[in-house]
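Breakdown of the fold
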Amino acid sequence: MTIHIPQAPAAALQVIDMVFPGNTNHHGTLFGGVALAHMDKIAFIAAARHGRAPFVTASSEKIDFAAPAHRGEMIEATARIIRVGRRSLDVEVELIAEGTVNAERRLCTRGRFTLVAVKGPDTRLPLPPLKDAAPTDDGRLHMVDMVFPGETNHYGTLYGGDALKMMGKAAFIAATRCSRAVIVMAASHRIDFVSPVHEGEMIELISQVREIGRSSILTEVELWAENLLDGARRHAATATFTMVSVDDEGRAKPIDRDRTVQRLFTQGL
């Protein structure tokens, strides 16, 4: 029997990524510099989305590393604007590690970044004042990133292969959070690219579990592009992936369906 998951309403932003071996030291923990890069990137995106202007990082307060993030764990970065001046603003960023199977969460580090709007034809000063944040939890997984030159072709648009890599990672994280099992990709279904993503744009990946089988999870991922200066958003691509729970030998392993469904309807992804 297959369980069909109903559609969820639209939602705001969450920022989640994985700790893969290329970003860890010989102890298997996330490099401090990589953690800082994640935090600075999220601070920049939060500032640009608020001010709709080009920003640069001016400074950061003391950043204490309270606990390491280990290889194979998820890291969740949350950015919150806490001060807005005429041309600058402060962003507080918190980085939390989460075990993929045991769901254990712990604070890794917290820091404050000051960013300054760069003067230009699109910069409007003073910056908009602080406002109440909109609800962010819609039961779906939200991941954001930026498109930099190394990820674009000679037309200045995101490589299709890099887009697929990002979408596959989003599907993996969503299925893992849903099942709390060891998950691998079993199949990639039809993928439609409807709009290019340009260098310098923000991308948002929104993934949601659609069906739960005996050992498989069907996950849909939407890719959205956003111009950080004017806020214009457009749907760039949609893909569906079948993810499978496996044992230590790589063979399909049944999912705890009751707990999986309970997580979906009570906690989301």
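Residues numbered from 1 in each chain as written. Predicted model: local features only at pLDDT ≥ 70, side-chain atom pairs only at ≥ 80, totals over all residues. Heavy atoms only, no water.

1. Examining the overall build of the chain
Scanning the chain from N- to C-terminus turns up three helices and 12 strands. Per-residue burial for the chain yields a buried fraction of 48% across its 269 residues. Partitioning the intrachain contacts of the chain with sequence separation of at least 6 by distance along the chain shows that 74% fall at a separation of at least 24. For the chain, the accessible surface area stands at approximately 13400 Å², while carbon and sulfur atoms represent 52% of it. (Helix = DSSP H or I, 4+ residues; strand = E, 2+ residues; numbered from the N terminus. Buried < 20%, exposed > 50% of the residue type's maximum accessible area, 1.4 Å probe, protein only. Contact = heavy atoms within 4.5 Å. Areas by Shrake-Rupley, 256 points an atom, 1.4 Å probe, with all protein chains shown as cover.)

2. Concerning helix 2 (residues 160-179)
Over its 20 residues, helix 2 runs 28 Å from end to end, which matches the ideal 28 Å to within 8%, given 1.5 Å per residue. Within helix 2, 14 of the 20 residues are buried, which leaves it mostly tucked inside the rest of the structure. Downstream of helix 2 by a residue or two, R180 has a phi angle that is positive, lying close to 50°. (Expected span 1.5 Å × (residues − 1).)

3. Side note on the pattern of salt bridges
Scanning the entire structure with this criterion turns up 22 salt bridges. Measuring nitrogen to oxygen at the nearest pair gives 3.8 Å for the salt bridge that ties K62 to D64. The class for K62 is exposed, based on a relative accessible area of 68%. Exposure remark for D64: the relative accessible area of 46% places this residue in the partly exposed category. With its nearest N and O atoms 2.9 Å apart, the salt bridge here joins R251 to E249. Note on E249: relative accessible area 60%, which makes it exposed. One network of salt bridges, in which partners are shared, links R49, R52, E204, E226 and R233. (Salt bridge = Lys/Arg side-chain N within 4 Å of Asp/Glu carboxyl O.)

4. What about the layout of surface pockets?
Each pocket or cavity is described by its volume, and for the second largest pocket that value is around 480 Å³. The biggest single contributor to the lining of the second largest pocket is helix 1 (residues 32-51), with five residues. Each residue belonging to the lining of the second largest pocket can be placed in one class, and the counts come to 14 nonpolar, two polar and seven charged. (1 Å grid on protein atoms, 1.4 Å probe; cavity = no way out; pocket = protein on both sides within 12 Å on 5 of 7 lines; lining within 4 Å. Points joined across faces, edges and corners; volume = space filled by probe spheres on them. Nonpolar A, V, L, I, M, F, W, Y, C, P; charged D, E, K, R; others polar.)

5. Quick notes on the environment of G150
Within the element layout of this structure, G150 appears in the loop between strand 8 (141-146) and helix 2. Classification of G150 by relative accessible area gives exposed; the value is 69%.

6. A look at helix 1
With 20 residues, helix 1 extends 28 Å between its outermost C-alpha atoms, agreeing within 8% with the 28 Å of an ideal straight helix rising 1.5 Å per residue. Those residues of helix 1 that sit buried are A35, H38, M39, I42, A43, I45, A46, A47, A48, H50 and G51. Trailing helix 1 by a residue or two, R52 shows a phi angle of about 50°, which is positive.

7. Considering the side chain of E73
With respect to the secondary-structure elements, E73 resides in the loop between strand 4 (64-65) and strand 5 (74-84). On the accessibility criterion, E73 (11% relative accessible area) is buried. Every residue in contact with E73, bar those within four places of it in the chain, is listed here: D17, M18, V19, P68, A97, E98, G99, T100 and R106.

8. A closer look at the nonpolar core
Among the nonpolar cores identified, the biggest contains 33 residues, and M167, V197, L205 and L223 are the most heavily contacted of them. Counting only elements with at least two residues in this core, the list comes to strand 2 (16-18), strand 8, helix 2, strand 10 (202-212), strand 11 (216-226) and strand 12 (233-245). Among the nonpolar cores identified, the runner-up in size contains 17 residues, and V15, L30, I42 and A69 belong to it. (Core = buried A, V, L, I, M, F, W, Y, C linked by side-chain atoms within 4.5 Å.)

9. Points about the pairing of strand 11
Buried residues dominate strand 11, accounting for eight of its 11 residues. Where strand 10 folds back on strand 11, the antiparallel hairpin that results is connected by three residues. Alignment of strand 11 against strand 12, held across 11 bridges, turns out to be antiparallel. Note on strand 12: the bridge partner recorded for E222 is T238. (Pairing = 2+ DSSP bridges.)

10. Quick word on the confidence of the model for the chain
The pLDDT averaged across the chain works out to 89; a share of 90% of its residues lies at or above 70. Overall, residues 1-13 carries pLDDT values under 50, and its contacts beyond four positions in sequence, including any with other chains, amount to 42 contacts. (pLDDT = per-residue confidence, 0-100.)

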